[in-house]
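A closer look at the structure
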Amino acid sequence: MAHSIGPRLYSCCNCRNHVGLHDDIISKAFQGRTGRAFLFSHAMNIVVGAKEDRHLLTGLHTVADISCADCNEPLGWKYERAYEISQKYKEGKFIFEKAKIVKEDW
């Protein structure tokens, strides 16, 4: 079995467009709409939607839904603003729903 030498990638579950790097995962202990979710420091090949305030499990946040840039599959959201001081570390970070991404060749 050949092992790829490049970075470990996550891809859109629908079209396999590369959307994140394994090394950019901050936490796997998040809850999304469909179950488990991962917090990433960066994302790629995504479209960021309109900002809106949402009451999430950890309080009020301004978020924007993210989707695949190739097929428009909804993937999660981006934290634009956290109103609670303890949640400020999420600002500018991305939530990918585990059910919406797949490991690419690893």
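Up top is the structure.
In this report, the structure presented in the accompanying data block is examined. The structure presented is a predicted model; accordingly, all values stated were derived computationally and were not measured.

1. As for the state of the cysteines
Taken as a whole and assessed by the stated rule, the structure comprises zero disulfides. Distance from the sulfur of Cys12, which forms no disulfide, to the nearest cysteine sulfur (Cys71) is 3.6 Å. The thiol of Cys13 is unpaired, and the distance to the nearest cysteine sulfur, on Cys12, comes to 5.0 Å. Judged by relative accessible area, which is 32%, Cys13 ranks as partly exposed.

2. Description of the sheet that holds strand β2 (residues 18-21)
With antiparallel pairing, the three strands of this open sheet are ordered in space as β2-β1-β9. Only two strands of the sheet have a single partner each, and these edge strands are β2 and β9 (101-104). Put simply, the sheet's adjacent strands are angled 35° from each other on average, direction ignored. Here three bridges tie strand β1 (residues 9-12) to β2, and the two strands are oriented antiparallel to one another. Paired with Ser11 across the strands is His18, a residue of β2.

3. Regarding the pattern of salt bridges
A full pass over the atoms with the stated rule returns seven salt bridges. In this structure, Glu52 engages Arg54 in a salt bridge whose closest nitrogen and oxygen atoms are separated by 2.9 Å. For Arg54, a relative accessible area of 14% corresponds to the buried category. Across the pair Lys78 and Glu80 runs a salt bridge, and its minimum N-O distance is 4.0 Å. A single salt-bridge network, built from bridges that share partners, covers Arg33, Glu52, Arg54 and Asp65.

What counts, and where the lines are drawn
- Residues numbered from 1 in each chain as written.
- Predicted model: local features only at pLDDT ≥ 70, side-chain atom pairs only at ≥ 80, totals over all residues.
- Heavy atoms only, no water.
- Disulfide = S-S within 2.5 Å.
- Buried < 20%, exposed > 50% of the residue type's maximum accessible area, 1.4 Å probe, protein only.
- Pairing = 2+ DSSP bridges.
- Helix = DSSP H or I, 4+ residues; strand = E, 2+ residues; numbered from the N terminus.
- Axes fitted to C-alpha atoms, helices over the stretch in contact; angles between N-to-C directions.
- Salt bridge = Lys/Arg side-chain N within 4 Å of Asp/Glu carboxyl O.

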